[in-house]
Amino acid sequence: MKNQNLYNYILGIADNSLILGQRMGELCGHGPSLETDIACTNISLDLFGQVRSYFQYAAKIAGDGRTEDDIAMLRKERDYKNVLLVEQPNTNFAYTLGRQFLFDVYHLAFLKELQKSTDLTLSAIANKCVKEVSYHERFSSDWIKRLGDGTAESKAKMQDAINDLWTYTDELFHQTEADKAMVEEGFGVDVTRLKEAYYTEINQVLEEATLTIPESKYFQKGGKEGIHTEHLGYLLAELQYMQRAYPNMEW
Amino acid sequence: MKNWPLWEVFVRSKNGLEHRHCGSLHAADEDMALENARDVYTRRSEGVSIWVVKSSNITASNPDNNGELFEPAHDKVYRHPTFYELPDEVKHM
């Protein structure tokens, strides 16, 4: 492949949306109320829509006959480049929204930078996604405040979720080889420069939600290099089941 | 969430048209009601504006009184402006 770095770079962005989209999609029919069920599924559909644009572009760059579906459905666990945060399970509604919030704040800042990319396809995709993700961020941060500043029980659950998920936040700002190469070429976003504003905004919302900002400095990473937590395998089993059981099946 | 009050949702489908009642939903407060309405009723681009009103704030007529309220109008055809010709340019009357 001529442009392996660009291909890997696109997958790194797209896999986050794909895996988080699948997680939110798991709630279809299982949300805590009819209204929040639809809201979570909406977010899932937004993310899958974004994924299609990225994978179509990646398939074009790969140029080896693979389609967007092949790239989405037929890779092995180690070939997925999503961050560990997005593959964490829907333990309860606080975890679901905590994960969404911790990712959305990063995602929005990332897309705003990607809009300035000198790669016209990437900047066009970013332009389209930024409105959707602004809404996601508004939705999830609203819920953090509601649950944090709600009852004693909702506060305790929200605090637990934030404490547990905190360890996966630092990876968002870790640069892979593809990241570094793309930043040098002017296509990519330098994620290390998003870190400070990220934690400032997260801390602001947590304070407003009367939650305690975790002090832990122990962080997990590896997802961007394909080293995942035990949860991703199960998620992929469900995501890929149909294509693995009935190869080339179509709607 | 079972204690969330009920809200009525009105959506304006296009600028220039009126808001129309399209359904109801549950939400803890008006902000959440707007967000829920956006997700439940406008996700296939049905609207450009949303109103939400707490259902308990609506005063409704009693269906038992329908006879005295509405029936007297039935046999007075002269109350309806059906004898005028409407110019084609006038829409949404």
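What counts, and at which threshold
Residues numbered from 1 in each chain as written. Chains lettered and ligands numbered in written order. Predicted model: local features only at pLDDT ≥ 70, side-chain atom pairs only at ≥ 80, totals over all residues. Helix = DSSP H or I, 4+ residues; strand = E, 2+ residues; numbered from the N terminus. Rg over C-alpha atoms; globule rule 2.2 N^0.38 Å. Buried ≥ 20, exposed ≤ 12 C-beta atoms within 10 Å, placed from the backbone. Contact = placed C-beta atoms within 7 Å. Axes fitted to C-alpha atoms, helices over the stretch in contact; angles between N-to-C directions. Parallel < 35°, antiparallel > 145°, perpendicular 65-115°, else oblique. Left-handed = near helix turned anticlockwise from the far one by under 90°. Nonpolar A, V, L, I, M, F, W, Y, C, P; charged D, E, K, R; others polar. Core = buried A, V, L, I, M, F, W, Y, C linked by C-beta atoms within 7 Å. Pairing = 2+ DSSP bridges. Expected span 1.5 Å × (residues − 1). Bend = angle between axes of the 7 residues up to and from the residue.

Novice: A description of the overall build of chain B should follow, citing residues and the corresponding values.
Specialist: Helix and strand counts for chain B come out as two helices and three strands. Starting at the N terminus and ending at the C terminus, chain B contains elements arranged as β-β-α-β-α. In terms of overall size, chain B is more extended than a compact globule, its C-alpha atoms giving a radius of gyration of 18 Å where 93 residues would be expected to give roughly 12 Å. Projected onto the principal axes, the alpha-carbon positions of chain B cover approximately 50 × 40 × 15 Å. Scored against the burial criterion, the 93 residues of chain B give a buried share of 14%. Residue pairs at least 24 apart in sequence account for 45% of intrachain contacts in chain B once pairs closer than 6 positions are excluded.

Novice: Describe in detail the packing of helix H5 (residues 93-114) of chain A against helix H9 (residues 195-208) of chain A, supporting the description with residues and values.
Specialist: Residue and element names in this part refer to chain A. Where H5 contacts H9, the two axes come as close as 10 Å, and the packing angle between them is 140 degrees. Considered as vectors, H5 and H9 are oriented oblique to each other. As for the relative orientation of H5 and H9, their crossing is right-handed in sense. Each of Leu102, Val105, Tyr106 and Ala109 in H5 lies in contact with H9, whose residues at this interface are Ala197, Tyr198, Glu201 and Ile202. Its residues assigned to classes, the contact of H5 with H9 comprises seven nonpolar, no polar and one charged.

Novice: Quick rundown of the nonpolar core? Include the residues and the values.
Specialist: If you look at the biggest cluster of nonpolar residues, it comprises 71 residues, and the most contacted ones within it are Ile10, Ala14, Tyr54, Phe55, Ala58 and Leu85 of chain A. Among the elements that make up this core, the one with the highest residue count is H5 of chain A (13 residues). Other than its neighbours up to four places away in sequence, phenylalanine 55 of chain A contacts Ala14, Glu68, Ile71 and Ala72 of chain A. Val11, Ala27, Met32 and Ala37 of chain B belong to the second largest nonpolar core, which has nine residues in total.

Novice: Talk me through the interface of chain A and chain B; I want residue IDs and the actual numbers.
Specialist: In this complex, chain A contributes seven residues to the contact, which on the side of chain B involves nine residues. It is helix H2 (residues 34-62) of chain A that contributes the most residues to the side of chain A that touches chain B, four residues altogether. Class assignment for the residues of the side of chain A that touches chain B results in four nonpolar, two polar and one charged.

Novice: Describe the environment of arginine 38 of chain B, with residues and values.
Specialist: Along the chain, arginine 38 of chain B turns up in helix H1 (residues 30-41). Spatially, the C-alpha atom of arginine 38 of chain B lies 35 Å from that of leucine 69 of chain B, the residues being 31 residues apart in sequence.

Novice: For the sheet that holds strand E3 (residues 49-54) of chain B, give the residues involved together with the corresponding values.
Specialist: Residue and element names in this part refer to chain B. The three strands lie next to each other as E2-E1-E3, forming an open sheet whose pairing is antiparallel. Looking along the sheet, the strands with just one partner apiece sit at the ends: strand E2 (20-26) and E3. Shown here is a sheet whose adjacent strand axes are inclined to one another by a mean of 30 degrees, direction ignored. Against the sheet, H1 makes contact with strand E1 (6-12), E2 and E3, and its axis sits at roughly 130 degrees relative to E3, the strand it touches most.

Novice: Residue-level account of the pairing of E1 of chain B, with values.
Specialist: It is a general feature of regular strands that their side chains alternate between the two faces of the sheet. Residue and element names in this part refer to chain B. Judged by which residues are buried, E1 turns out to be one-sided: Trp7, Val9 and Val11 face inward and are buried, whereas Leu6, Glu8, Phe10 and Arg12, on the alternate face, are not. In this sheet, E2 lies alongside E1 in antiparallel orientation, the contact comprising six bridges. Note that in E2 the partner of valine 9 across the bridge is glycine 23.

Novice: Hey, could you go over helix H6 (residues 120-148) of chain A for me, with residue numbers and the actual values?
Specialist: Residues spaced three or four apart along an α-helix point in a common direction, a consequence of the helix completing one turn every 3.6 residues. The terminal C-alpha atoms of H6 of chain A, which comprises 29 residues, lie 41 Å apart, in line with the 42 Å expected from a rise of 1.5 Å per residue. Most pronounced at valine 130 of chain A, the bend in H6 of chain A amounts to some 35 degrees.

Novice: If you had to explain unusual backbone geometry to someone new, which residues and values would you point to?
Specialist: Glycine aside, residues mostly have negative phi angles, and peptide bonds mostly take the trans form. All names here are of chain A. In this structure, threonine 210 takes a positive phi of about 55 degrees despite not being glycine. Looking at the secondary structure, you find threonine 210 in the loop between H9 and helix H10 (231-245). Taking the number of C-beta atoms within 10 Å as the measure of exposure, threonine 210 has 13 and is therefore partly exposed. Phi at asparagine 248 takes a positive value of approximately 65 degrees, unusual for a residue other than glycine.

Novice: How would you sum up the environment of alanine 126 of chain A? Please name residues and give values.
Specialist: Residues and elements named next belong to chain A. In this fold, alanine 126 is placed in helix H6. Since 23 C-beta atoms lie within 10 Å of it, alanine 126 is described here as buried. On a C-alpha basis, the gap between alanine 126 and glutamate 215 in space is 33 Å, while along the polypeptide they are 89 residues apart. Discounting chain neighbours no more than four positions away, the residues touching alanine 126 are Leu111, Leu114, Gln115 and Ser117.

The values reported here are purely geometric and, on their own, carry no functional implication.
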